[in-house]
Amino acid sequence: MSWLVVARKDFEDAVRSRMLWVITAVFLIFTAGAVYVRKAVLGGTPGLPDATQFLTAPSGLIIPLTALVVAYLAIAGERESGSIKILLGLPHTRWDVVFGKLVGRTLVVTAGILVAFAGAALTLLALFGELPIVDFLLLTLVTVLFGLTFVGIAIGASAFTATRSRAMALAIGAFFLFQVIWDFVPLGVYYLVEGSLPGPTTAQLPAWYYLVQVLNPKNAYSQGADIVFSGAGPVVPAEMLVGSSVPFYVQNWFGLVILVVWLVVPVALGYWRFERADIG
Amino acid sequence: MAAIQTEGLTKRFGDEVVAVEDLDLTVHEGEVFGYLGPNGAGKSTTINVLLDYLRPTEGTARVLGHDAQDETQRIHERIGILPEGFDLYDRLTGRKHVQFAVDSKETDDDPAEILDRVGLSPEAADRKAGGYSTGMAQRLALGMALVGDPDLLILDEPSSGLDPNGARQMRQLVRDEASRGTTVFFSSHILGQVEAVCDRVGIMSEGRLVAEDTIEGLRESMGSGSTLELRVDRVPENLTLDGIEAVSDVTAGGDVIRVTVTDPTVKSQVINRVEEQGAVVTDISTQQASLEDLFAAYTTEEVTA
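Quick caveat, the model's predicted, so the values are computed rather than measured. (Residues numbered from 1 in each chain as written. Chains lettered and ligands numbered in written order. Predicted model: local features only at pLDDT ≥ 70, side-chain atom pairs only at ≥ 80, totals over all residues. Heavy atoms only, no water.)

Visitor: Just give me the short version of the overall build of chain A, but keep the residues and values in it.
Guide: The helix and strand inventory of chain A stands at 13 helices and zero strands. Its helices and strands in sequence order give chain A the pattern α-α-α-α-α-α-α-α-α-α-α-α-α, from N to C terminus. Relative to the 2.2 N^0.38 estimate, which gives 19 Å for 280 residues, the radius of gyration of chain A is 20 Å and therefore close to what a compact globule would have. The principal-axis extents of the C-alpha atoms in chain A amount to approximately 60 × 50 × 30 Å. For chain A, with 280 residues in total, the buried portion stands at 49%. Counting contacts in chain A only where the partners sit at least 6 residues apart, residues at least 24 apart contribute 79% of the total. (Helix = DSSP H or I, 4+ residues; strand = E, 2+ residues; numbered from the N terminus. Rg over C-alpha atoms; globule rule 2.2 N^0.38 Å. Buried < 20%, exposed > 50% of the residue type's maximum accessible area, 1.4 Å probe, protein only. Contact = heavy atoms within 4.5 Å.)

Visitor: Kindly report on the interface of chain B and chain A, identifying the contributing residues and their values.
Guide: Counting residues at the interface gives 28 residues for chain B and 31 residues for chain A. Summed over both sides, the interface of chain B with chain A buries roughly 2700 Å², with 57% coming from carbon and sulfur. Summed over the three residues of chain B that lose the most area to chain A, namely Tyr53, Tyr89 and Arg91 of chain B, the buried surface amounts to 26% of that side. Across the chain B-chain A interface, the total number found is six salt bridges. Taking the shortest distance from any N to any O, the salt bridge between Lys11 of chain B and Asp278 of chain A comes out at 2.6 Å. Our count for the chain B to chain A interface comes out at 17 residue pairs in polar contact (both at pLDDT 80 or more). At the level of secondary structure, the elements contributing two or more residues to the side of chain B that touches chain A comprise β1 (2-13), α2 (72-76), α3 (94-105) and α6 (134-146) of chain B. Broken down by element, the side of chain B that touches chain A gets its largest block of residues, six residues, from α3 of chain B. Classifying every residue of the side of chain B that touches chain A by side-chain character gives 13 nonpolar, five polar and ten charged. (Buried area = accessible area lost by both parts, 1.4 Å probe. Salt bridge = Lys/Arg side-chain N within 4 Å of Asp/Glu carboxyl O. Polar contact = N/O pair within 3.5 Å; in protein donor to acceptor, adjacent residues only side chain to side chain. Nonpolar A, V, L, I, M, F, W, Y, C, P; charged D, E, K, R; others polar.)

Visitor: Account for the nonpolar core, naming residues and giving values.
Guide: Among the nonpolar cores identified, the biggest contains 138 residues, and Ile75 and Phe274 of chain A together with Ile79, Ile154 and Phe185 of chain B are the most heavily contacted of them. Every residue in contact with Ile79 of chain B, bar those within four places of it in the chain, is listed here: Leu51, Val63, Leu64, Lys105, Pro150, Leu152 and Ile154 of chain B. Within the second largest apolar cluster, 16 residues are counted, among which are Leu230, Leu241, Ala246 and Val270 of chain B. (Core = buried A, V, L, I, M, F, W, Y, C linked by side-chain atoms within 4.5 Å.)

Visitor: So what about unusual backbone geometry? Which residues, and what values?
Guide: Residues and elements named next belong to chain B. Its identity is not glycine, yet Glu106 carries a phi of approximately 50°, on the positive side. Within the secondary structure, Glu106 is located in the loop between α3 and α4 (111-117). Glu106 gets classed as exposed once you look at its relative accessible area, which sits at 66%. Phi is positive for Glu206, close to 50°, though the residue is something other than glycine. Looking at the element boundaries, Glu206 is found in the loop between β9 (200-205) and β10 (208-213).

Visitor: Can you explain the side chain of Arg79 of chain A? Please cite residues and give values.
Guide: Residues and elements named next belong to chain A. Tracing the backbone shows Arg79 in helix α5 (residues 76-81). At 3.5 Å, the side chain of Arg79 forms a polar contact with the backbone oxygen of Thr161. Beyond its immediate sequence surroundings of up to four residues, Arg79 is in contact with Ile84, Ala159, Thr161, Ala162, Phe274, Ala277, Asp278 and Ile279.

Visitor: Would you mind going over the packing of helix α4 (residues 56-71) of chain A against helix α12 (residues 217-230) of chain A in detail, with residue names and values included?
Guide: When two helices pack together, their arrangement is captured by the angle between the axes and the distance separating the axes. Residue and element names in this part refer to chain A. α12 packs onto α4 with a crossing angle of 150° between their chain directions and a minimal axis gap of 10 Å. Our classification of the angle between α4 and α12 gives roughly antiparallel. As for the relative orientation of α4 and α12, their crossing is right-handed in sense. Where α4 approaches α12, its residues Thr56, Ser59 and Gly60 are matched on the opposing element by Lys218, Tyr221 and Ala225. In terms of residue class, the contact of α4 with α12 is made up of two nonpolar, three polar and one charged. (Axes fitted to C-alpha atoms, helices over the stretch in contact; angles between N-to-C directions. Parallel < 35°, antiparallel > 145°, perpendicular 65-115°, else oblique. Left-handed = near helix turned anticlockwise from the far one by under 90°.)

Visitor: Break down the packing of aromatic side chains for me, with residues and values.
Guide: Going through the model one piece at a time under the given rule, you end up with 20 aromatic pairs over all chains. With a centroid separation of 5.0 Å and an interplanar angle of 75°, the aromatic rings of Trp3 of chain A and Phe99 of chain A are classed as edge-to-face. Placement of Trp3 of chain A in helix α1 (residues 2-15) and of Phe99 of chain A in helix α7 (residues 94-128) is noted, with a sequence separation of 96 residues between them. For Trp3 of chain A, a relative accessible area of 23% translates into the label partly exposed. Judged by its relative accessible area of 26%, Phe99 of chain A falls in the partly exposed class. When the ring of Tyr190 of chain A is compared with that of Trp208 of chain A, the centres are 6.4 Å apart and the planes differ by 40°; the resulting orientation is tilted. Remark: Trp208 of chain A occurs in helix α11 (residues 207-214) and Tyr190 of chain A occurs in helix α10 (residues 185-194); sequence separation between them is 18 residues. Through a chain of ring-to-ring contacts, three or more aromatic side chains come together here, namely Phe146, Phe150, Phe178, Trp182, Tyr221 and Trp262 of chain A. The ring centre of Tyr89 of chain B lies 3.3 Å from the NZ or CZ of Lys9 of chain A, which sits over that ring. (Phe/Tyr/Trp six-rings, centres within 6.5 Å; stacked < 30°, edge-to-face > 60°. Lys NZ or Arg CZ within 6 Å of the ring centre and 35° of its normal.)

Visitor: Quick one: what's the story with the layout of surface pockets, residue by residue and with numbers?
Guide: Approximately 690 Å³ is the volume found for the largest pocket. What lines the largest pocket is a set of 30 residues, among which Val70, Leu73, Arg105 and Arg164 of chain A together with Arg91 of chain B lie closest to the centre. Of all the secondary-structure elements, those providing two or more residues to the lining of the largest pocket are α1, α2 (18-42), α4, α5, α7 and α9 (164-179) of chain A. When residues in the lining of the largest pocket are grouped by element, the largest group, six residues, is from α9 of chain A. (1 Å grid on protein atoms, 1.4 Å probe; cavity = no way out; pocket = protein on both sides within 12 Å on 5 of 7 lines; lining within 4 Å. Points joined across faces, edges and corners; volume = space filled by probe spheres on them.)

Visitor: If you had to explain the pairing of β1 of chain B to someone new, which residues and values would you point to?
Guide: Residue and element names in this part refer to chain B. Strand direction decides the pairing type here: β1 and strand β2 (residues 17-28), joined by eight bridges, are antiparallel. Pairing of Gln5 across the sheet is with Thr26, part of β2. Between β1 and β2, which pair antiparallel in sequence order, lie three residues; one of them, Gly14, sits at a positive phi of approximately 70°. Pairing between β1 and strand β4 (residues 58-63): five bridges, direction antiparallel. When the bridges of β4 are listed, Gln5 appears paired with Arg62. (Pairing = 2+ DSSP bridges.)

Visitor: Go over the pattern of salt bridges with me, naming the residues and quoting the values.
Guide: This structure, assessed with the given rule, holds 22 salt bridges over all chains. Glu275 of chain A is the partner of Arg55 of chain B in a salt bridge, and the nearest nitrogen-oxygen pair spans 3.6 Å. Separated into two different chains, Arg55 of chain B in the loop between α1 (43-50) and β4 and Glu275 of chain A in helix α13 (residues 252-276) make up a pair that spans both. A relative accessible area of 19% places Arg55 of chain B in the buried class. A relative accessible area of 25% means that Glu275 of chain A is categorised as partly exposed. Measuring nitrogen to oxygen at the nearest pair gives 2.8 Å for the salt bridge that ties Asp52 of chain B to Arg55 of chain B. The class of Asp52 of chain B is buried, set by a relative accessible area of 7%. Through salt bridges with shared partners, one network takes in Asp10, Glu78, Lys101 and Arg105 of chain A.

Structure, rendered in structure tokens:
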């Protein structure tokens, strides 16, 4: 269990970083604050499930940020400094290093998520006098998977590159791609296919439009989280789609599949490159 | 079985740079092998291939009977390494570092005992490695290398960053390990440290192994033996040492006669001959040809070994 030794040391190392504590505090403020603001702005209107689900909004922004910051230097940073020589000089394979780092940094991010969600739970309890415990725990679970996915993207980027600066470029690129740029991708594709943009009067959208949307792990997360509140079924009713049926990829559960794909593919690509790399 | 064996090992970086070329190197089990050469000669590249940090362009490297690239983990379970250009984990203490090596190698070494052996005090061991000096970092890394009583130590420039006292302790440690049966392979460009501890040496120059021999053997092949220095009351006129074959050079000046011999057993013969010619020898000293001389000869001139 060589990766376990790597993971444990990596966790011990990472929790000593001040950056982690700053990010956890920010995350806590965002989640607890989001619940509070939502209630304060909209008064008593939203029910408890809505307020709980609203947690996915701050999570969708802060978790990618946290995971990328926590993990983008995991391997590239060690390559640049030279500590990777100590690590690989011990009986660890390069896969042990990649997988151990993935596990170690996921634990770090998960710890942050648990702290932030515990704060949100207390806030919900204070505002509503009760807490949907099962829903809340399931939402936490999906959120941890989302965190794992972004740690995977960051570890993949870190394994792929030899220097801190390139790993950082990849991490920042991934952040903007999924937070900003991807929002325009479905619209752009729609424009190319249909010759116009979908407007407020467009009653039906093609199913692929939703597929392009869910390919963004941020959207895959909110869709996956919606399983807890609306079930694993269709993202939209059939009458809102062009065609008569709702394909499998326009179902909430498909969001979880996309999250797993975004975990596996970057890690595999990063490992593939790292395994062949000369470490000088 | 050889502890280290490379066959036709070549490592190129890009199309232009040949760091190591067609290297056939054998290090026997139980010996202390000094891997010498100036900076940039290909020593670290060789070591990095042995440790699988780098992949060879051509040829193979075997360590303890295992292929360095295909069976890396099995090798690393049995060796201790001190790599060149390494860094520590700034936020972890020295003790945690050694504990990590213990966990990684699945042994039951006591970190405190290891740290003591490499001369790190308990106070230093509890400090974060980020605040360590180069010498302390070198000691800590060496301690990690000693975890699990390895069969082979591969040390890349082990004395770099150490003060003279630290370098002396390093040599003692190498001797101790060797006497426990550990094979030691270490590189250096500082030769004084090698001469005292090595059974055999290899000399690298511009990516090629230009010599591989015992220090005695190297001396013989270079023809530079030891120098006998005789202090006399007066230098005999027409001094001649003809007939003693092992004498390669004679110089005299003032009251000193210097005789270079390729075979140390002829020294008494030389002294007798000098006294026969009427001189009284008042003092005798001998000087070994230093490895420095050999090294300079191998790496600055065109020499084919």
